[in-house]
Amino acid sequence: MKKEGVLFDLDNTLYGYKLPHQKALNVVYSFLKKEIQISKIKFIRLYDLSKQEIKRELSGTASAHNRILYFQRLIEKTHNTVHPHIILKLYNLYWNTFLKNMKLDRGVLETLKRIHKDKIKIAIVSDLTTNIQLKKIKKLGLTRYIDFLVTSEEAGSEKPHSIMFLLALNKMRLKPEATLFVGDDLSKDIAGSNAVGIESVLISRKKNKKLSGEDYKKANHVIKDIKEVLKILNE
Ligand SMILES: [Mg+2]
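About the thresholds
Residues numbered from 1 in each chain as written. Predicted model: local features only at pLDDT ≥ 70, side-chain atom pairs only at ≥ 80, totals over all residues. Heavy atoms only, no water. Helix = DSSP H or I, 4+ residues; strand = E, 2+ residues; numbered from the N terminus. Expected span 1.5 Å × (residues − 1). Buried < 20%, exposed > 50% of the residue type's maximum accessible area, 1.4 Å probe, protein only. Arc of directions from axis to C-beta. Contact = heavy atoms within 4.5 Å. Polar contact = N/O pair within 3.5 Å; in protein donor to acceptor, adjacent residues only side chain to side chain. Pairing = 2+ DSSP bridges. Domains from an automatic or database assignment. Buried area = accessible area lost by both parts, 1.4 Å probe. Salt bridge = Lys/Arg side-chain N within 4 Å of Asp/Glu carboxyl O.

(A) Layout of helix α3 (residues 67-79). Given a rise of 1.5 Å per residue, 13 residues ought to cover 18 Å, and the 18 Å separating the end C-alpha atoms of α3 matches this to within 8%. When α3 is considered as a whole, its buried residues turn out to be Arg-67, Tyr-70, Phe-71, Leu-74, Ile-75 and His-79. Projection of α3 onto a plane perpendicular to its axis shows the buried side chains occupying an angular sector of 135°, all on one side. Those residues of α3 hidden inside the fold are in contact with α1 (18-35), α2 (40-58) and α4 (84-101). Where α3 starts, the residue carrying a side-chain oxygen 3.1 Å from the main-chain nitrogen of Ile-68 turns out to be Asn-66. One or two residues past the end of α3 sits Asn-80, with phi positive at roughly 60°.

Here it is as structure tokens:
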């Protein structure tokens with residue numbers, strides 16, 4: 001069936017998450033080091049611990065990724081009290097640095113341009129808060145190519161919950177058979193789209209973790225370069 005829409009995951013599908021995240025954490029640490037005596041190792045340990053706690057307590061919701069909660073928990077550990085100005089400062093430093101250091105992966109812009117030009121609708125379906133994902137879309141220069149955004153904050157559940165996929169289809173006014181989903185995560189993106197009958201495309205770049213032969217069978221297509229989406233659309 002001719003495809004009329006493509007759904008994309010955002011993080012690690014259209015841009016690499018690791019580098020901007022590491023730079024952002026470094027800037028956060030440099031600021032905190034001036035406030036209190038804390039080693040980098042201790043800071044990373046406390047950040048990871050705070051993140052794990054929030055993820056465990058809020059698993060399956062967009063708030064599980066909210067950096068403001070990680071930093072609040074971290075400061076409550078280091079200062080033994082809430083410090084609004086420090087927490088807000090860390091949060092703003094983190095995201096300002098993150099957004100400044102994001103870079104689209106190779107071939108993403110030309111692929112989205114082509115799809116948009118061919119009058120195929122584009123949606124981004126992503127597990128995080130809407131505020132941050134809107135800022136990323138804007139900063140990555142994707143605004144004019146993206147027709148719709150669905151976040152887990154808005155849907156109330158995260159991928160692979162069907163609501164994420166169905167909400168996107170509903171916004172695009174398309175049936176699952178008329179769409180493709182492109183993402184990097186087997187258990188979220190691929191399992192979730194397969195469950196609602198959307199043709200799934202796993203993007204597996206070299207830097208991503210190794211997949212087994214069995215894993216490859218789970219997706220309808222496995223690609224190494226995002227431009228291969230155009231070939232699939234023309235099949
Ligand atoms: Mg992803």
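That was the structure; now back to the text.
(B) Layout of the pairing of strand β2 (residues 121-126). Judged by how many residues are buried, β2 sits mostly within the fold: five of six residues are covered. Judged from the four bridges that link them, strand β1 (residues 5-8) and β2 form a sheet pairing that is parallel. If you follow Phe-8 over to β2, its bridge partner there is Ile-124. Sheet topology note: the β2/strand β3 (residues 148-151) ladder contains four bridges and is parallel. Across the sheet, residue Val-125 finds its bridge partner in β3, namely Val-150.

(C) Examining the domain arrangement of the protein more closely. Segmentation of the protein into domains returns domain 1 (5-15 + 103-234) and domain 2 (18-101). In this structure, domain 1 and domain 2 have C-alpha centres spaced 28 Å apart. Contacts between the two partners involve 14 residues from domain 1 and, on the opposite side, 13 residues from domain 2. For the pair domain 1 and domain 2, the summed buried area comes to about 1000 Å², and 64% of that belongs to carbon and sulfur atoms. Our enumeration of links across domain 1 and domain 2 arrives at zero salt bridges.

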